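Take a look at the letters that make up each chain.
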Amino acid sequence: MTQRPDDAVLTRTVRRRALVVVAAGSGTRLGLGMPKAAVPVTDRTVLEHALDAVSGVLQLDLVVLVLPREPHAKQQLAATSAVVADRCGVEVLTIPGGEARTESVSSGVRAVQQHAQRKSWSGPVQVLVHDAARALTPTEVFHRVLEALDAGAQCVVPALPVTDTIKRVDASAQVAQTLPRKQLRAVQTPQGFTLKLLERAFSHIDKLPEEEAADLTDEAMMVENLGEKVAVVEGHPHALKITTSLDLLTVRALIAETEGQQAEVPPAVLPGAQGLAVPRVGIGHDIHAFASPEESAQLWLAGLHWPGERGLAGHSDADPVAHAACAALFSAAGMGDLGTHFGADTIGTSRAEYRGASGFVLLSEAAQIVRNAGYRIGSVSVQFVGNRPKFATRREEAQQVLTEAAGAPVAISATTSDGLGFTGRGEGIAATATAVLY
Ligand SMILES: Nc1ccn([C@@H]2O[C@H](COP(=O)(O)OP(=O)(O)OP(=O)(O)O)[C@@H](O)[C@H]2O)c(=O)n1
Ligand SMILES: C[C@](O)(CO)[C@H](O)COP(=O)(O)O
C-alpha cells in the first residue's frame, strides 16, 4: 500500500483522489437476465475483474462502488468492497445506482462530495469515473488519465483511433455523411475530472431538456456542453466495454490467452544442455543527480513518492530503481536499453509523452514489451546506492508496487557507498538491477 498522509496532519493543499465505479446496469444487451457486473467472466464476476486494476499505487483516497438495486447481485457484489479496501488501504463506499448510467454516476459523485465534506477535504479533488463493464482496463490507463490531471487538465478521457469507416445515416437509411476517420476516436473509461468541473457539469445538465440530457452518453460530453476542454490520452484495446455476448467472448479469450502465455514456455527460450530451457539474465544501471533546490522536485524512488525528501532531476519522474529494472529486462531480452524504447535525455531523443512519466508506468511498459517478444519474467532484483532516503521501513511497499508493475517478483535493496564517490557526497542516487527471463 502506498503511504498516505495521516488525516490529522493534512495540509490545506493536499490533493485528493476518488474513484467512482459504476456497476449498476442491468445488462440488457448482454441478455443473461442478471445485472452485468455480477456476470461471471471466469470464476470471478465482471466487477471483480474490473477492480483488479485498482491498487494502492493509484493513491486513491476513496472508492465508490455504484451497485445494482437487485438484492441478490447487490449482496454478492458488495462483498468485493472489502477486498478493495484491504488491497488499497482506502475507504470503499457502496451505494445503489439509478435507472440510467448518468443517474448512477451522479449518485457516485454526490457520495464523493458528501465524503469530502465529512472529512473536511479542502484541497483539489480529482474524480475518476469508470465503467465496471470495461473489466480488463489495465492500470496503465488509470495512470495516463491521472498523470494528465496532475499536469493540470480538468477533464481527461482515454481513447483509441477507430478502425471502421464511420458514417452518419439519416432516418430513411441513407448515408448523410462520412466522417473523417483520422479525427475519430473511440472513448473509454476511466474518465478523469476535477470535482469542481464535474459538479458544474451535473448542475448544467439539470437545466437541459430531458431529451437532450438523455443523449449524453458520458460525462466528458457534459463538459463539452459547458464549452470546457477535454484532453485525450491513449486508451487500451483491452479496455473494451462488455456490452454484447461477443464482447464477453472476447474478454474471456483475452484472459485465456494471458493465462496460457503464463503457463506455456514461449518459443523464445533457447534449449541448453539436455534440452533444458536456459534462462536469460540481464543487467541494468541508472543514475539520477539530485535536482537543484530551486526546482523543488519531488522524490520518486522505487515506485514510491517520498514526501519531504530532495527530488532527483530527469525527463521522466527520475526514478533510478524503476529505470534500472526496465534496463535489466531489455538487456535480458537482448532488446537494447531504456533509450531504445523510451528515448534518452543525454542523446537528445527523449520523448514528450514520457515527460514526468512514473517509474511504475515505464516498468509496466517494459515488462509488456519483453512479454510481447515471447519471454516470461522470472524475477527482477534491484539495489540502489544513496545516503537518503532511509529505505528499510518502506521496502515491502516498494516491492509490492514494482512487482505489480512488472507482473513478476521485484526485490529491492539499498546501501550507501561509505561516503565515497558521488553517492557518498549526496549528489545523486545510482541503481543496478538484474533480471531473469525464460
Ligand atoms: N443504470 C445504470 C446503467 C449503467 N451503469 C453502468 O455503466 C456502465 C456502462 O453501461 P452499460 O454497458 O450500458 O451497462 P448496462 O446498462 O448494464 O447495459 P445495457 O444498456 O445493455 O442494459 C456499466 O458498468 C454499467 O454497470 C450503471 O451503473 N447504472
Ligand atoms: C462511458 C462510455 O463507456 C464511454 O465510451 C460509454 O459512453 C457508455 O455507454 P453505455 O451505452 O452506457 O454502455
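Reference entry: report on the structure contained in this document. Just so we're clear, the structure is a prediction, and the values are computed from it rather than from any experiment.

1. Some thoughts on the sheet that holds strand S17 (residues 410-415)
Strand pairing in a sheet relies on backbone hydrogen bonds. The paired strands run either parallel or antiparallel. Pairing within the open sheet is mixed, and its 4 strands lie in the order S13-S18-S16-S17. The sheet terminates laterally at strand S13 (280-289) and S17, the two strands that pair on one side only. With strand direction ignored, the average angle separating the axes of adjacent strands in the sheet is 15 degrees. Alignment of S13 against strand S18 (residues 428-437), held across 10 bridges, turns out to be antiparallel.

2. Some words on the site of ligand 2
In the vicinity of ligand 2, the contacting residues are Arg29, Arg101, Asp131, Arg134, Val187, Thr189, Thr217, Asp218 and Lys241. A distance of 2.8 Å separates an oxygen atom of ligand 2 from a polar side-chain atom of Arg134. A distance of 2.7 Å separates an oxygen atom of ligand 2 from a polar side-chain atom of Lys241. Within the complex, 77% of the 360 Å² of free accessible area of ligand 2 lies under protein.

3. Considering the pairing of strand S9 (residues 191-194)
Of the two faces of S9, both are covered, the one formed by Gln191 and Phe193 as well as the one formed by Gly192 and Thr194. In this structure, strand S4 (residues 125-131) lies alongside S9, joined through 4 bridges in antiparallel fashion. Each residue of the ladder has a partner; that of Leu128, found in S9, is Gly192. Note that strand S5 (residues 155-161) and S9 share 2 bridges and pair antiparallel. Opposite Val156, over in S9, you have Gly192 as the bridge partner.

4. Structural notes on the site of ligand 1
For ligand 1, the set of nearby residues contains 18 residues, the closest of which are Gly27, Thr28, Arg29, Lys36 and Ser104. Side-chain polar atom of Thr28 to an oxygen atom of ligand 1: 2.7 Å apart, as the coordinates give it. Along the lines of polarity and charge, the residues of the shell around ligand 1 split into 6 nonpolar, 6 polar and 6 charged.

Cut-off values and rules
Residues numbered from 1 in each chain as written. Chains lettered and ligands numbered in written order. Predicted model: local features only at pLDDT ≥ 70, side-chain atom pairs only at ≥ 80, totals over all residues. Heavy atoms only, no water. Pairing = 2+ DSSP bridges. Helix = DSSP H or I, 4+ residues; strand = E, 2+ residues; numbered from the N terminus. Axes fitted to C-alpha atoms, helices over the stretch in contact; angles between N-to-C directions. Near = heavy atom within 4 Å. Polar contact = N/O pair within 3.5 Å; in protein donor to acceptor, adjacent residues only side chain to side chain. Areas by Shrake-Rupley, 256 points an atom, 1.4 Å probe, with all protein chains shown as cover. Buried < 20%, exposed > 50% of the residue type's maximum accessible area, 1.4 Å probe, protein only. Nonpolar A, V, L, I, M, F, W, Y, C, P; charged D, E, K, R; others polar.

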